[in-house]
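Per-entry structural report
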Amino acid sequence: MAEAQPGLALRFQRRFLAARPLCSLPWTELEQSLRTAPDSALLADILDKTILHPLCVKYPPSAKYRRCFLTELIKKLETTAAEPLDELYKALADVLKEEEEKSTHCYKNYLLPTGDCVTLSESTALISRGTTGLVTWEAALLLAQWALQNPSLFRDRTILELGSGIGFTGIAICKTCQPRTFIFSDCHPHVLRQLGENIWLNGFIPEPDVSWSIQTESQGQEVEGEKCQNPKVIVAELDWGSVTEKQLLGLSADVVIAADVVYDPEIILALIGMLQKLSTSRADRKAPEVFIASTIRNPDTYQLFQAELDKVGIRWQMIPAHSSCNFLYDVQPDVTILQLFI
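Quick look at the structure, then. Along every chain, residues carry numbers that run from 1 in the direction the sequence is written. The model is predicted, so local features are restricted to residues of pLDDT at least 70 and side-chain atom pairs to those at 80 or more, both for listing and for counting; the totals for chains, interfaces and linings are taken over all residues. With hydrogens and water stripped out, all remaining heavy atoms of the structure feed into the side-chain values.

**Some remarks on the overall build of the chain**
The number of helices and strands found in the chain is 13 helices and nine strands. Should any heavy atoms of two residues lie within 4.5 Å, those residues are considered in contact. Long-range pairs, those at least 24 residues apart, make up 72% of the contacts in the chain between residues at least 6 apart in sequence. With residues, only the protein chains shown are counted as cover, and all accessible areas are computed by Shrake-Rupley using a 1.4 Å probe. Here the chain displays about 15800 Å² of accessible surface, and carbon together with sulfur accounts for 52% of that area. For the purposes of this entry, the term helix denotes a DSSP run of H or I that reaches at least four residues, the term strand denotes a run of E that reaches at least two, and both are numbered from the N terminus.

Have a look at this one:
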């Protein structure tokens, strides 16, 4: 059983640092291991790889998440004959003290298969400041995993992401897929501010002259220069309803991606209008490749999106899911990716 313990601690680590739902952590395997060998050393190893890990110390998940995690670990310890672990109780006391401060944000650390990490500052509330864009949603995780499995699609190309939110998918692509230029975009000012902070947090510097606003055609031509970091990163304030084809021409996107943008019937027509503008957004008139990941919360809304695509003549096909699972841990069956032919 001792051979399985290091692997078990790492499984806890990857899920914990990304603040995945606590029910998805391998508690059953931990109970079996402790029944076989009631040794607090395994719990100490898990503690070192989670609560005491340098990433957690510097960029911690929410205090509530850490409290619930530690409480469950202590329950597992107390049901065995293992020696008490003072470090566990001290860690819980520290978190309880911190929880009194009621922080409105937390961090999540996603360990990529490459060994790199995406660190995000997120809101602790699903809806904050009038938007759902301050947290990472499941479709963004799936889209990033799919991108990592298809890096050639992004390598040395200009990528435009619609509705980037706080940036997980785009940052993961920038760290692993070697795009030439990556254009993050959103329209909500608080989301754009948080997005910019997360981009900086992960070591990228957005272009100073074009951050927070969509470029003109002449600025877009400057984006193709070779004098900056690789990849070149741009943050654009992009309103689907008011952006012009001329402005999009300046971006010259080769690939367009989006995650969790098909959730409200009221924005579907604006999204499709945006896609139609993008179909002629390149100087060579070649339409970009488009991939949209969605969590199907309401089948009627998703079917409406597909029907509206059919109505304007935009063909689509579903991208088959990969059987392998790298860093997503618990892929939901209701998350899909569509390729659109605009």
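Once you've had a look at it, read on.
**Digging into the packing of aromatic side chains**
How two aromatic rings sit relative to each other is given by the distance of their centres and the angle of their planes. The pairing test for Phe, Tyr and Trp rings, Trp by its six-membered ring, is centres within 6.5 Å, and the orientation test on the planes gives stacked under 30 degrees, edge-to-face over 60, and tilted for anything in between. Counted under the stated rule, the structure contains 10 aromatic pairs. Aromatic side chains F12 and W27 sit 5.1 Å apart centroid to centroid with 70 degrees between the ring planes, which places their arrangement in the edge-to-face category. Here the residue F12 occupies a position in helix α1 (residues 4-17), and W27 occupies one in helix α2 (residues 27-36), the gap between them amounting to 15 residues. The two residues F12 and W27 agree in class, both being buried. Note on Y59 and Y107: the rings are 5.0 Å apart at their centroids and 55 degrees apart in plane angle, and the pair reads as tilted. Of this pair, Y59 sits in the loop between α4 (54-58) and α5 (63-78) while Y107 sits in strand β1 (residues 105-111), and the two are 48 residues apart along the sequence. Comparing Y59 with Y107, the two get one shared label, buried. Here the aromatic cluster, defined as three or more aromatic residues joined through ring pairs, consists of F12, F16, W27, Y65 and F69. Placement of a charge over a ring requires the Lys NZ or Arg CZ to be within 6 Å of the ring centre, with the centre-to-atom vector within 35 degrees of the ring normal. Geometry around F341 places R315 over its ring, the cationic atom sitting 4.6 Å from the centre. For each residue, the accessible area found with a 1.4 Å probe, counting protein chains only, is set against the maximum for its type, and the residue is called buried under 20%, exposed over 50%, and partly exposed in between.

**Observations regarding unusual backbone geometry**
Positive phi outside glycine occurs at S252, with the angle close to 50 degrees. Mapped onto the secondary structure, S252 falls in the loop between α11 (245-251) and β6 (255-259). Under the relative-accessibility criterion, S252 is labelled partly exposed at 22%. Despite not being glycine, D260 has its phi angle at roughly 55 degrees, a positive value. Position of D260 relative to the elements: it lies in the loop between β6 and α12 (265-278).

**Here's the deal with helix α6 (residues 86-99)**
To estimate how far a helix should reach, multiply one less than its number of residues by 1.5 Å. Taking 1.5 Å as the rise per residue, α6 with 14 residues should run 20 Å; its terminal C-alpha atoms sit 20 Å apart, in good agreement. For α6, every residue scored as buried is listed here: L88, A91, L92 and V95. On an axial view of α6, the arc spanned by its buried residues comes to 100 degrees, and they lie on one face. Exposed side chains of α6 directed beyond 90 degrees from the buried face belong to D86, K90 and K97. Throughout, the arc means the angular range of directions from the helix axis out to the C-beta atoms.

**Description of the packing of α2 against helix α3 (residues 40-49)**
Where α2 meets α3, the closest approach of the two axes is 9 Å, and the angle between their N-to-C directions is 145 degrees. Listed contacts from α3 to L30, S33 and L34 of α2 are L42, L43 and I46. Under this grouping Gly is polar, as are all residues other than the nonpolar Ala, Val, Leu, Ile, Met, Phe, Trp, Tyr, Cys and Pro and the charged Asp, Glu, Lys and Arg. Here the contact of α2 with α3 is built from residues that sort into five nonpolar, one polar and no charged. Angles here are taken between N-to-C directions and fall from 0 to 180 degrees, while the axes themselves are lines fitted to C-alpha atoms, restricted in helices to the stretch in contact.

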